[in-house]
Structures are given as structure tokens and as C-alpha cells.
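# Summary of the model geometry
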Amino acid sequence: PFRLYYWKYYGLEVGRKKDDSDLSKRSPHARKRCEARAKDAKLEPALKEQFLTGRLLACVASRPGQCGVADGYILEGDELAFYKKKMEKKKKA
């Protein structure tokens with residue numbers, strides 16, 4: 001869902017080595033809006049790397065068995081670096 005959201009909102013493909021984003025099928029107003037958003041769009045290199053591998057680290061914030069929905073957020077920044085280090089330590093041990 002995040003990849004599709006990012007493409008719809010910014011008009012940029014995430015998780016592919018080359019950019020195949022084709023905005024020609026959109027209306028001129030929507031194309032202009034996506035191009036303006038794409039100027040300011042920045043995605044961390046660590047997050048891009050995760051999209052290329054197809055695995056994202058995320059934190060699930062809902063309690064299992066309570067509501068039947070898994071809410072959460074994608075890890076990024078310092079939090080992502082922390083958990084990556086933890087996982088590397090666990091693999092070595």
C-alpha cells in the first residue's frame with residue numbers, strides 16, 4: 001500500500017531500479033501537482049534499500065487479538081538504524 005500511495009501522491013516509483021513512472025495518463029492539473037510534490041520528495045537511502053529488497057521493517061502498534069487490524073508505522077531514521085544493528089547482532093550470534 002505504501003508503494004502505491006507514494007506513486008499516486010508524488011508520481012515516483014519506489015522499489016524499482018529505474019523510474020518507470022508515466023504521468024501522461026493523468027490530467028494536466030494532476031500531473032502538475034505531482035511534479036510540484038516530487039521536487040520536495042526525499043526518501044532516505046536506507047528506506048530505498050529496503051524497498052529494493054522487498055522487506056520493510058515496521059513497528060506494529062495494535063494489540064493482537066483485540067481488534068483484528070494491524071496498525072503501525074514504517075521504521076526510519078535513528079530507529080531503523082538501531083533495529084538493523086540489533087538484527088545483525090542476532091544473525092551473528
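Residues numbered from 1 in each chain as written. Predicted model: local features only at pLDDT ≥ 70, side-chain atom pairs only at ≥ 80, totals over all residues. Heavy atoms only, no water.

## Remarks on the overall build of the protein
Each helix and strand in the protein was counted, giving four helices and two strands. Traced from its N-terminal end to its C-terminal end, the protein shows the element sequence α-α-α-β-β-α. Taken over the C-alpha trace, the protein has a radius of gyration of 17 Å; the compact-globule value for 93 residues is 12 Å, which it surpasses by more than 25%. Principal axes of the C-alpha set define a box for the protein whose edges measure 55 × 35 × 20 Å. In the protein, which comprises 93 residues, the proportion classed as buried is 15%. If you take every contact in the protein between residues at least 6 apart in sequence, the share linking residues at least 24 apart comes to 42%. Of the accessible surface of the protein, which amounts to about 7800 Å², a share of 54% is contributed by carbon and sulfur atoms. Separation between the mean location of the 23 positive side-chain charges and that of the 13 negative ones in the protein comes to 3 Å. (Helix = DSSP H or I, 4+ residues; strand = E, 2+ residues; numbered from the N terminus. Rg over C-alpha atoms; globule rule 2.2 N^0.38 Å. Buried < 20%, exposed > 50% of the residue type's maximum accessible area, 1.4 Å probe, protein only. Contact = heavy atoms within 4.5 Å. Areas by Shrake-Rupley, 256 points an atom, 1.4 Å probe, with all protein chains shown as cover. Lys, Arg positive; Asp, Glu negative; His and termini not counted. Charge placed at Lys NZ, Arg CZ, Asp CG, Glu CD.)

## Some details on the packing of aromatic side chains
Evaluation of the coordinates by the stated rule reveals two aromatic pairs. Measuring from centroid to centroid gives 5.6 Å for tyrosine 5 and tyrosine 9, while their planes differ by 20 degrees, and the two rings are stacked. Of the two residues, tyrosine 5 and tyrosine 9 are both situated in helix α1 (residues 2-10); the distance of four residues between them amounts to about one turn of the helix. Judged by relative accessible area, tyrosine 9 falls into the partly exposed class, the value being 33%. With a centroid separation of 5.1 Å and 75 degrees between ring planes, the pair formed by phenylalanine 82 and tyrosine 83 is classed as edge-to-face. (Phe/Tyr/Trp six-rings, centres within 6.5 Å; stacked < 30°, edge-to-face > 60°.)

## What to know about the packing of α1 against helix α2 (residues 28-40)
α2 packs onto α1 with a crossing angle of 110 degrees between their chain directions and a minimal axis gap of 7 Å. Taken together, the axes of α1 and α2 lie roughly perpendicular to each other. Each of Lys8, Tyr9 and Tyr10 in α1 lies in contact with α2, whose residues at this interface are Cys34, Arg37 and Ala38. (Axes fitted to C-alpha atoms, helices over the stretch in contact; angles between N-to-C directions. Parallel < 35°, antiparallel > 145°, perpendicular 65-115°, else oblique.)

## Structural notes on the environment of leucine 23
Along the chain, leucine 23 falls in the loop between α1 and α2. Taking the C-alpha atoms as reference, leucine 23 lies 16 Å from arginine 3; in sequence the two are 20 residues apart. In contact with leucine 23, other than residues within four places in its own chain, are Gly11, Arg31, Cys34 and Glu35.

## Here we look at the confidence of the model for the protein
Looking at the protein as a whole, its pLDDT mean stands at 82, while 94% of the residues score no less than 70. Mean pLDDT per element in the protein: α1 is the minimum at 79, and helix α4 (residues 78-92) is the maximum at 91. (pLDDT = per-residue confidence, 0-100.)

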